[in-house]
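Per-entry structural report
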Amino acid sequence: MEKFIVIMAGGVGTRFWPRSRKNLPKQLLNILGENTMIQDTVYRLDGFASPERIFIITNKVQKTLIEEQLPQIPAHNIIAEPVGRNTSACIALSAEVIHKINKDAVLITLPADHLIRQKEKFVQCLNAAADYADKSHGLVTFGINPTRPDTGYGYIKYDKNEAAKDIHKVISFVEKPDIATAKSYLQSGDFLWNSGMFVWRADSIIEEMNKYLPSIPEALAKLGYAWRSEDFTVLLNNIYPGLESISIDYGVMEKSDKVYLIRGNFDWSDVGSWETVYELTKKDENENAKSGEVFTRNTSGSYIYSADKFTAVIGAKNMVIIDTKDALLVCSRDDVQDVKEVVNYLNGKGRDDLV
């Protein structure tokens, strides 16, 4: 069995405005620690997968920066989508290419911007999922034990009684719930957080996509044969814009009867908002998390980031304050999910310089 890594790195991270922009999105920033998030994603695979077996699907704007941040990854393994077409197209593209490299390949598909702090446990789960996917030809996802009734995550209902080597049959995927529903999921013990990480054989995911989203793999089949040729980019640019834009969850995982789950026993976060960053960052005696040159007085429970200037905050409670060179965000920690609305507003005003 030959294992390949596919890293999905095409997002723009609108909930992390004003630090995250189209030209420098969340996964290319050092949100937590010294390394960028995509660098940490690749570094934690050291010893598990060689750089030649790591593929990154991104876009034209981000491709050059990714090449600079990850010089160990072969440049031809960093594929730029001409337009964004959600995760189904991204996954089908990588599966078609890698299947032509190795018809028995197992693909481990990972987002570029998650935080995973327990590498050994993570790698153990990857190996277990890859072995099961290879033998069963099933589609394996990772479920994370919920620690709170979070409304920012999707959930997976699974059969706790059916397990082979801690692999469970998935009953259903459910969308991000309201708080009352999230509490009921937690109390039932039948649901795990949907991590957005997947493991499958290349031929298995292509087969299931041919059942449920046939137009996508049919259109992309030519690209596998054209890999590493001069025709590849031309074909990609011609074919990709016409693909349906749909997530792999909606398009395949919610419909297939071959979906399984392995419980992720490692410390995980999708780092989905400034609130998550606050929770993961070291606090001072007033429960403030600060980055940069920051002065606080009578301020508590706040996350304050100052990029390149002195920032003073007085009398703030439970706030997120992000001060960059050209924009300032002041937001209650309870409303961080609405930061994306600022980006929508700026797009509507044609302020490309700020998005």
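The structure this text deals with has already been given above.
A brief look at the structure comes next. (Residues numbered from 1 in each chain as written. Predicted model: local features only at pLDDT ≥ 70, side-chain atom pairs only at ≥ 80, totals over all residues. Heavy atoms only, no water.)

Now for the environment of Ser136. Tracing the backbone through its elements, the reader meets Ser136 in helix H4 (residues 119–136). Along the backbone, Ser136 and Asn347 are 211 residues apart, and their C-alpha atoms lie at a distance of 46 Å. Of the polar contacts made by the side chain of Ser136, one reaches the backbone oxygen of Tyr132; its length is 2.7 Å. At 3.0 Å, the side chain of Ser136 and the backbone nitrogen of Gly138 are in polar contact. (Helix = DSSP H or I, 4+ residues; strand = E, 2+ residues; numbered from the N terminus. Polar contact = N/O pair within 3.5 Å; in protein donor to acceptor, adjacent residues only side chain to side chain.)

Right, let's talk about the pairing of strand S4 (residues 106–111) for a bit. Of all 6 residues in S4, 6 are buried, a share of seventy percent or more. Of the two faces of S4, the one carrying Val106, Ile108 and Leu110 and the one carrying Leu107, Thr109 and Pro111 are both buried. One ladder, built from 6 bridges, connects strand S1 (residues 3–8) with S4; its direction is parallel. What sits directly across from Phe4, in S4, is Leu107. Here S4 pairs with strand S9 (residues 191–201) via 4 bridges, running antiparallel. Within S9, the position partnered with Val106 by the bridge is Arg201. (Buried < 20%, exposed > 50% of the residue type's maximum accessible area, 1.4 Å probe, protein only. Pairing = 2+ DSSP bridges.)

This paragraph deals with the pattern of salt bridges. Under the definition given, this model contains 18 salt bridges. In this structure, the salt-bridge partner of Arg201 is Asp134, at a minimum N-O distance of 2.8 Å. One end of the pair, Arg201, is in strand S9; the other, Asp134, is in helix H4, with 67 residues separating them in the sequence. Among the residues examined, Asp134 registers a relative accessible area of 22% and is labelled partly exposed. (Salt bridge = Lys/Arg side-chain N within 4 Å of Asp/Glu carboxyl O.)

With that out of the way, let us pick up the packing of aromatic side chains. For the coordinates displayed, the defined rule picks out 14 aromatic pairs. Seen in terms of ring centroids, Phe198 and Trp200 are 5.1 Å apart; in terms of plane orientation they differ by 5°. Their pairing is stacked. Exposure class is identical for Phe198 and Trp200. Each is buried. Chaining the aromatic ring pairs together yields one cluster made of Phe4, Phe55, Trp227 and Phe232. The ring of Tyr260 carries Lys169 above its face, with NZ or CZ at 4.7 Å from the centroid. Directly above the aromatic system of Tyr278 lies the positively charged group of Lys283, at a separation of 4.6 Å from the ring centroid. (Phe/Tyr/Trp six-rings, centres within 6.5 Å; stacked < 30°, edge-to-face > 60°. Lys NZ or Arg CZ within 6 Å of the ring centre and 35° of its normal.)

This part takes up the sheet that holds strand S17 (residues 328–332). With mixed pairing, the 4 strands of this open sheet are ordered in space as S12-S14-S16-S17. The open sheet has two edge strands with one neighbour each: strand S12 (289–291) and S17. Averaged over all adjacent pairs, the angle separating strand axes in this sheet is 5°, with direction ignored. (Axes fitted to C-alpha atoms, helices over the stretch in contact; angles between N-to-C directions.)

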